[in-house]
Amino acid sequence: MISGESSSDKKDGAPCACPFCDAPVAQAYPFCKSCGKNLKRCPGCGKVIPEDQDTCPECAG
Ligand SMILES: [Zn+2]
Ligand SMILES: [Zn+2]
């Protein structure tokens, strides 16, 4: 076992997370493989934009 990093209690670091089920979503997929929901993506940086938001929280684009 490798100990050194505490268990992740923050989502920082994940490329993007599904706003519906919070599962990590590969940027190559336009939908969540975990819950099957379509994901709105930022045309600028490709990150998932939460349903209740119109602008990307990452680059505000
Ligand atoms: Zn999901
Ligand atoms: Zn963006």
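Placed above this text is the structure.
Please read these numbers as outputs of a predicted model, since none were measured by experiment.

A. Main features of the overall build of the chain. In terms of helices and strands, the chain carries 0 helices and 2 strands. The buried share of the chain, taken over its 61 residues, is 10%. Restricting to contacts in the chain with at least 6 residues of sequence separation, those with at least 24 account for 11%.

B. Layout of unusual backbone geometry. Of note in this structure, D22 is not a glycine but carries a positive phi near 70 degrees. Mapped onto the elements, D22 comes out in the segment before β1 (40-41). The class for D22 is partly exposed, based on 13 C-beta atoms found within 10 Å.

C. Region of the structure containing the nonpolar core. Ranked by size, the top nonpolar core spans 6 residues in total: C16, V25, C32, L39, V48 and I49. With near-sequence residues (within four places) excluded, V25 lies in contact with C16, A17, C18, C32, L39 and V48.

D. Examining the environment of G36 more closely. Examined against the element boundaries, G36 turns out to sit in the segment before β1. A C-alpha to C-alpha distance of 9.7 Å links G36 and C21, two positions 15 residues apart in sequence.

E. Geometry of the environment of F31. By secondary structure assignment, the location of F31 is in the segment before β1. You can call F31 exposed: it has 12 C-beta atoms within 10 Å.

F. Region of the structure containing the environment of K40. Mapped onto the secondary structure, K40 falls in strand β1. Taking C-alpha positions, K40 is 9.3 Å from D54, a pair spaced 14 residues apart along the chain. Filtering out sequence-adjacent residues up to four positions away, K40 remains in contact with V48, I49 and E51.

Definitions and cut-offs
- Residues numbered from 1 in each chain as written.
- Chains lettered and ligands numbered in written order.
- Predicted model: local features only at pLDDT ≥ 70, side-chain atom pairs only at ≥ 80, totals over all residues.
- Helix = DSSP H or I, 4+ residues; strand = E, 2+ residues; numbered from the N terminus.
- Buried ≥ 20, exposed ≤ 12 C-beta atoms within 10 Å, placed from the backbone.
- Contact = placed C-beta atoms within 7 Å.
- Core = buried A, V, L, I, M, F, W, Y, C linked by C-beta atoms within 7 Å.

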